[in-house]
Amino acid sequence: MAHESYETLDYDIIIIGAGGSGLRAAVEASQVPGLKVAVVTKSLLGKAHTVMAEGGVAASFGNLDAPDGWQTHFYDTMRSGHFINNYRMAEIFAKEAPERVLELESWGAVFDRTKEGRIMQRPFGAHTFRRLCHIGDHTGLELIRTMQYKSLHSGIDVFQEVTMTKLLVQDGHVAGAFGYFREDGRFVLFRARAVVLATGGWGKIFKVTSNSWESTGDGAALAFRAGADMMDMEMVQFHPTGMVWPPGVRGILVTEGVRGEGGLLRNSEGERFMQTYDPERMELSSRDVVARSIFKEVQAGRGSPHGGAWLDISHKGPEYVKAKLPGMYEQFLTLADLDITKEPFEVAPTCHYTMGGLRVDPETCATNIPGLFAAGEVACGLHGANRLGGNSLSDLLVFGRRAGLGAREYVSGAPDFAPVDQAELEAEMDRVLEPFHRENGINPYHVHEKLQEIMTNHAGIMRSGPVLEEGLNKLLELKDQARNMSINGSRIYNPGWHAVFDVENMLLLCEGIIRSALERKESRGAHWRTDYPDELPEWQKINFVESYDGEGIRIRTEPVNEMPEDLAKLFTYGKAPGLVQQSGGKES
Amino acid sequence: MSEEFTLRVWRGDKTGGEEVEYHVPAETGMVVLDALHHIQHNEAPDLAVRWNCKAAHCGSCGAEVNGQPKLLCKTRMDDYVGQTVSVKPMQTFPIIKDLVTDVSWNYQVAKEIPMLEPTAPAPFNMQQIDADRVQEFHRCIECFLCQDTCHVLRNHEGQRQYFGPRFMIKIAEFEMHPMDGADRVPLLAHEAGVNMCNVTKCCTEVCPQHIRITDNAIIPLKERVADRYYDPVKILLRRLSGKKNAPTGSSHKVSQ
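These figures come from a predicted structure and were not determined experimentally. (Residues numbered from 1 in each chain as written. Chains lettered and ligands numbered in written order. Predicted model: local features only at pLDDT ≥ 70, side-chain atom pairs only at ≥ 80, totals over all residues. Heavy atoms only, no water.)

Outline the overall build of chain B, supporting the account with residue identities and numerical values.
Within chain B one finds 10 helices and 7 strands. Each of the three principal axes of chain B carries a C-alpha extent, and together these read 65 × 50 × 35 Å. Taken over 256 residues, chain B has a buried fraction of 57%. Approximately 10900 Å² of chain B is accessible, and the part contributed by carbon and sulfur atoms is 48%. With 29 positive and 33 negative side-chain charges, chain B shows a spacing of 8 Å between the two charge centroids. (Helix = DSSP H or I, 4+ residues; strand = E, 2+ residues; numbered from the N terminus. Buried < 20%, exposed > 50% of the residue type's maximum accessible area, 1.4 Å probe, protein only. Areas by Shrake-Rupley, 256 points an atom, 1.4 Å probe, with all protein chains shown as cover. Lys, Arg positive; Asp, Glu negative; His and termini not counted. Charge placed at Lys NZ, Arg CZ, Asp CG, Glu CD.)

Structure (structure tokens):
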């Protein structure tokens, strides 16, 4: 093959991914004068999947419900995660979230207000109190735009539209990352003393998904191949309410804010079916419960015409709906010719979030590879078996900051740039260019479609041992075929070429999901197995951790960290701490 | 509905290109981006088109459909029944490939705008009515369709003289923030070039987020510049004496 060249760029810290956590990490890392920090993203700045978050950012200000506090936020997060969360992450998270939200406010985010002029908070599924700070139904847009402008003013270099194909590790330490600029296909080596991964999840493994094209798990797969541990891979969240009709919009998110603002779910018989599944919390039950309930109603023949449930917010009146849910109003009007202020609309579960990911240290977000950090959806531990709505945005801020801090502290004591293995880079360039030279290969888009079909049929919302086994076989077969992916055209902005690497990443992660799902022989949170329908206490004590040696995935169990007494006590009152203390007045 | 749609998609790079015809099977509710994906997945895997969310939240897929700046994910194919749908890249920005343009200029401009400078630490005490005024501008998804359609930026090589509508609303967002203490009026009058806008409202028309860019951001910003730099009494006297030309091209807003 012809001799290829590459550009070399040196940074103390590179952050891969420019969503909420990546940008927050970058801002934190750049606080040390003289430290060179770069953000590398595969999209344009400000387009990351964070932009699609709608409902809000959870932080226990108690602006409307005074008894709220970090203890209750912690309690809700652990309970909804079915206690396989890392308690320390949940504790840090609940304690630091309010401060991070106020930071956003001081950087220019403008949240909806209460009558008293404070940040407005809306109710959301399985949050004990009204807790989600929001801007109509475009909170993610507000977060990313605020962080984007803050980053641009923090002396950080941003490299847009770069595909990273390999994470470089030398002598057990991270050494940088290698990839190419999409604009013209030229190769680039980022030498770095620390790398923060903030590349998000892998929701694109399902056909019906609320996720943008970006969510292909690149960072997770890169780190997995480089030797990082993945955890809780079986845990994939299906959001109960995605759009259903017309076909082209199937899966697009309908914010939980619709139910937060009073939306009602009904089946084809007009019955508020959540009465059957969670009479106490009804529509505002946790996402795993509501998604499963809709799924069961459809299975029982009580679905809406296109296989979902009816969601209705029209009783709140056009003015209210347009003010609080402007995006939803517009989305249905434009894409589905339907006025949600006047009539109910169909919704069905859609793949939304991957709770599993890189196993990290709660304090610093460090992975098991020295110099490699991870934050946000690519990391694992905070959400356990099911993520609460609104916890993702505060996760990005809390752990984005901690990852930036962790990386910053790491480089202050770390050695200089690790040497780069020239032969490794030569081999990588050959590998990356190979799809151009294969003849009669398979189209990467078609591999992606097949992968989505396998995951939907074999590892979706409802799982069982034999079906998962069959899925694994099909997936491994597809993985074999995918070795022959080929593309045409030039290296200039060639989406087919980019898709090859997205697909390779997803194939690896899907295998991790199915293997982990086979191991967890119970039902817990988002992981529902019909052959093991009950949640079993002994499984609450373990997380499944996976590692990859280049050939195969190895899976082991690790004990779930045990909570210290003061935290464990919060779960002994029979109700949320804030509700216990309510009679004793407002907590601090 | 007809069984298939006909599209003419501009294919090429900075060295040149041409429209190529494709036929795509019709599906209920299909948007232009769906049609392009069909082409990409089945006929032309290297067809370059930016997109992220396909839900009109991210603003990646701006292009020109039958000459109109549009989001591809929000433009329905059945709006063009019986017509050939022509899809071209945004014309204001340099081409990279096919429908993808080099919008990096916008990110350079973004760096020039000073951030919010709070007059007190958060939490702020702010009424919803004050928030409403700026929240409109926060709906911007940076699709740059307003920049694409702005004739100052498009035809007059004005990218050195005017930041464009997107950045007028960005400045307005900070300027009208009740807790902001910074002064961006000199920036507006000089580098940002608010006076270059002559209020044709094309930007407002193409905004997929329905932000009233001209009325709610640009005109009030022009007024701030006028208040600072041009004494209205003198301008009034000049008007009365029949002299049309103010020192710069901004006097037409002063009388409002």
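Account for the environment of Leu7(B), naming residues and giving values.
Residues and elements named next belong to chain B. Considering the arrangement of structural elements, one finds Leu7 in strand 1 (residues 4–13). Note on Leu7: relative accessible area 0%, which makes it buried. Residues Leu7 and Val24, 17 residues apart in the sequence, show an inter-C-alpha distance of 7.8 Å. Not counting the four nearest positions on each side in its chain, Leu7 is found in contact with Val20, Glu21, Tyr22, Val24, Val32, Ala35, Leu36, Met77, Thr84, Val85 and Val87. (Contact = heavy atoms within 4.5 Å.)

Give a description of the sheet that holds strand 4 (residues 121–122) of chain A that names residues and reports values.
All names here are of chain A. Overall, antiparallel pairing links the 3 strands, which are arranged 3-5-4 in an open sheet. The outermost strands of the open sheet, each flanked by one partner alone, are strand 3 (57–58) and strand 4. Here strand 3 runs beside strand 5 (residues 132–133); their pairing, made up of 2 bridges, is antiparallel. What sits directly across from Ala58, in strand 5, is Leu132. (Pairing = 2+ DSSP bridges.)

So, the interface of chain A and chain B: which residues are in play, and what are the values?
Contact with chain A, which involves 61 residues of that partner, is made by 62 residues of chain B. Interface area lost by chain A to chain B is led by Lys47(A), Val110(A) and Tyr149(A), which between them contribute 13%. Where chain A touches chain B, the interface holds 4 salt bridges. Put simply, Arg145(A) and Glu142(B) hold a salt bridge, and the shortest N to O gap is 3.9 Å. Counting residues per element, the ones that place at least two in the side of chain A that touches chain B are helix 3 (87–106), helix 4 (139–152), helix 10 (326–336), helix 13 (444–458) and helix 15 (495–519) of chain A. Per-element accounting of the side of chain A that touches chain B gives the leading share, 7 residues, to helix 4 of chain A. (Buried area = accessible area lost by both parts, 1.4 Å probe. Salt bridge = Lys/Arg side-chain N within 4 Å of Asp/Glu carboxyl O.)

I'd like a rundown of the domain arrangement of chain B, residues and numbers included.
Residues and elements named next belong to chain B. With domains assigned, chain B is organised as domain 1 (4–100) and domain 2 (104–253). Computed from C-alpha coordinates alone, the two centres of domain 1 and domain 2 are separated by 31 Å. The interface of domain 1 with domain 2 comprises 15 residues on the first partner and 17 residues on the second. Both sides of the domain 1 and domain 2 interface together cover about 1100 Å² of buried area, and 57% of this is carbon and sulfur. Taken as a group, Pro69, Thr92 and Phe93 account for 45% of the area that domain 1 buries against domain 2, more than any other trio of residues on that side. Here domain 1 and domain 2 share 1 salt bridge between them. Between domain 1 and domain 2 we count 5 residue pairs in polar contact (both at pLDDT 80 or more) in total. Of all the secondary structure elements, the ones that give two or more residues to the side of domain 1 that touches domain 2 are strand 3 (62–65) and strand 4 (68–71). Along the lines of polarity and charge, the residues of the side of domain 1 that touches domain 2 split into 7 nonpolar, 5 polar and 3 charged. (Domains from an automatic or database assignment. Polar contact = N/O pair within 3.5 Å; in protein donor to acceptor, adjacent residues only side chain to side chain. Nonpolar A, V, L, I, M, F, W, Y, C, P; charged D, E, K, R; others polar.)

Explain the pairing of strand 1 of chain B residue by residue, including any values.
All names here are of chain B. Of all 10 residues that make up strand 1, 7 are buried, and the element is covered over most of its length. Where strand 1 and strand 2 (residues 16–25) come together, 10 bridges link them in antiparallel fashion. Bridge pairing in strand 2 places Arg11 opposite Glu18. Turn length for the strand 1-strand 2 hairpin, with the two strands adjacent in sequence and antiparallel, is 2 residues. Bridge count between strand 1 and strand 5 (residues 85–88): 3 bridges; the pairing is parallel. Opposite Arg8, over in strand 5, you have Ser86 as the bridge partner.

Give a description of the nonpolar core that names residues and reports values.
Core analysis: the largest hydrophobic core is formed by 255 residues, its most contacted members being Phe190(A), Phe345(A), Leu7(B), Leu36(B), Leu72(B) and Met168(B). A total of 13 residues in this core trace back to one element, the largest contributor, which is helix 15 of chain A. (Core = buried A, V, L, I, M, F, W, Y, C linked by side-chain atoms within 4.5 Å.)

Before we move on, could you go through the pairing of strand 18 (residues 542–548) of chain A and cite the residues and values that matter?
Residue and element names in this part refer to chain A. By the criterion of burial, strand 18 is predominantly enclosed, with 7 of the 7 residues buried. Side-chain alternation along strand 18 places Ile542, Phe544, Glu546 and Tyr548 on one buried face and Asn543, Val545 and Ser547 on a second face that is also buried. Alignment of strand 10 (residues 230–231) against strand 18, held across 2 bridges, turns out to be antiparallel. In the sheet register, Met230 faces strand 18, and the bridge partner there is Glu546. Sheet analysis places strand 18 next to strand 19 (residues 553–559), joined by 7 bridges and oriented antiparallel. Residue pairing for strand 19: Asn543 is matched across the bridge by Glu558.

Run through the packing of helix 13 of chain A against helix 1 (residues 32–42) of chain B, naming residues and quoting values.
Helix 1 of chain B packs onto helix 13 of chain A with a crossing angle of 110 degrees between their chain directions and a minimal axis gap of 8 Å. Relative to helix 1 of chain B, the element helix 13 of chain A is oriented roughly perpendicular. Packed against helix 13 of chain A, whose contacting residues are Tyr445(A), His446(A) and Glu449(A), the element helix 1 of chain B presents Gln40(B), His41(B) and Asn42(B) at the interface. Looking at the contact of helix 13 of chain A with helix 1 of chain B, its residues break down into 1 nonpolar, 4 polar and 1 charged. (Axes fitted to C-alpha atoms, helices over the stretch in contact; angles between N-to-C directions. Parallel < 35°, antiparallel > 145°, perpendicular 65-115°, else oblique.)

Give a detailed account of the side chain of Ser154(A), specifying residues and quantitative values.
All names here are of chain A. Relative to the helices and strands, Ser154 resides in the loop between helix 4 and strand 6 (157–159). Within the local environment of Ser154, its side chain forms a polar contact with the backbone oxygen of Lys150, the two atoms lying 2.6 Å apart. Not counting the four nearest positions on each side in its chain, Ser154 is found in contact with Val27 and Ser30.

Go over the confidence of the model for chain B, please, and point to the residues and values.
Scored by pLDDT, chain B comes out at a mean of 91, with 92% of its residues at no less than 70. A low-confidence stretch, residues 244–256 of chain B stays under pLDDT 50, and its non-local contacts, those more than four residues away or across chains, total 24 contacts. (pLDDT = per-residue confidence, 0-100.)

Give me the confidence of the model for chain A: which residues, what numbers.
Per-residue confidence for chain A averages 96 on the pLDDT scale, and 98% of its residues sit at or above 70. For the stretch residues 584–588 of chain A, pLDDT sits under 50, and the model shows 8 contacts to residues farther than four places along the chain or on other chains.

Outline the domain arrangement of chain A, listing residues and values.
Residues and elements named next belong to chain A. According to the domain assignment, chain A consists of domain 1 (6–40 + 49–236 + 353–413) and domain 2 (239–351). Centre-to-centre separation of domain 1 and domain 2, based on C-alpha positions: 28 Å. On the side of domain 2, 26 residues touch domain 1, which itself brings 26 residues to the contact. Both sides of the domain 1 and domain 2 interface together cover about 1900 Å² of buried area, and 51% of this is carbon and sulfur. Counting the surface domain 1 buries against domain 2, the share from its top three residues, Glu54, Asp137 and Val208, is 28%. Our count for the contact surface shared by domain 1 and domain 2 stands at 2 salt bridges. Residue Glu261 pairs with Arg122 through a salt bridge whose shortest N-O separation is 2.7 Å. Residues that form the side of domain 1 that touches domain 2 fall into these classes: 9 nonpolar, 12 polar and 5 charged.

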